[in-house]
Amino acid sequence: MNVLVFLLIVVAIALVLGFFLPCQVHVERQALIDATPEKIFGHVSDFNAWGAWSPWATMDPDASMNIQGSGLGQSMTWASENPKVGKGSQQFTQIDPPKKVVTHLDFGDMGVSDASFTLKPTDGKTLVTWSLDADMREGVPFLKKPMNTFFGFFMDSMLGKTYEEGLANLKALVEA
């Protein structure tokens, strides 16, 4: 009986902490690509080009994908049975050729985030920075907020490797 009470207290404390711990997440990876920002920009500023380098495209080639529009406001929705791909949507919210693009991602009740690609000329090459910023409680149902807050502590290690793979794919594509 004492063990059960102790476990309930621990779970209650964890739930309460989940509402008060930091919920802001920032994930960032970089790659130096031997190309101009202009050459790279078309690959990151059009969802139609993402299939050639995006790591999620290779995780589930059979995922359903729908791209609408072009330029600022272009949107992409996807759905996959693969839990690493899942389902969601994203839309270009800022396009600043050839320097930066920003997308807003919506994962339904899993939350929302903003991702960006920043291209900076460096010694005849381009430093490409891919980043993601999220409030782990934004857009999440009330009872999932504590769990999502704790999940945020692992985002860098989980998403960072996928970003590194995507940047390596982009580098190989552009430099070929």
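**Focus: the overall build of the protein**
Consideration 1: Scanning the protein for helices and strands turns up 6 helices and 7 strands.
Consideration 2: Along its sequence from the N terminus, the protein presents helices and strands in the succession α-β-α-α-α-β-β-β-β-β-β-α-α.
Consideration 3: Along the first, second and third principal axes, the C-alpha atoms of the protein reach 65 × 35 × 25 Å.
Consideration 4: Residue burial in the protein is summarised as follows: out of 176 residues, 38% are buried.
Consideration 5: Long-range contacts, defined as pairs at least 24 residues apart, comprise 56% of the intrachain contacts of the protein with a sequence gap of at least 6.
Consideration 6: Put simply, the protein shows about 10100 Å² of open surface, and 62% of that area lies on carbon and sulfur atoms.

**Some details on helix α6 (residues 155-175)**
Consideration 1: Over its 21 residues, α6 extends 29 Å from the first C-alpha to the last, a length consistent with the 30 Å expected when each residue adds 1.5 Å.
Consideration 2: Buried residues along α6 sit in contact with β1 (24-33), α2 (37-44), α4 (55-59), β6 (112-122), β7 (125-135) and α5 (145-152).

**Side note on the packing of helix α1 (residues 2-20) against α5**
Consideration 1: Orientation of α1 relative to α5, taken along the N-to-C sense of each, is 70 degrees, at an axis distance of 8 Å. In terms of their interaxial angle, α1 and α5 are classed as roughly perpendicular. Residues Ala-14, Leu-15, Leu-17, Gly-18 and Phe-19 of α1 pack against Lys-145, Pro-146, Thr-149 and Phe-150 of α5.

Thresholds applied
- Residues numbered from 1 in each chain as written.
- Predicted model: local features only at pLDDT ≥ 70, side-chain atom pairs only at ≥ 80, totals over all residues.
- Heavy atoms only, no water.
- Helix = DSSP H or I, 4+ residues; strand = E, 2+ residues; numbered from the N terminus.
- Buried < 20%, exposed > 50% of the residue type's maximum accessible area, 1.4 Å probe, protein only.
- Contact = heavy atoms within 4.5 Å.
- Areas by Shrake-Rupley, 256 points an atom, 1.4 Å probe, with all protein chains shown as cover.
- Expected span 1.5 Å × (residues − 1).
- Axes fitted to C-alpha atoms, helices over the stretch in contact; angles between N-to-C directions.
- Parallel < 35°, antiparallel > 145°, perpendicular 65-115°, else oblique.

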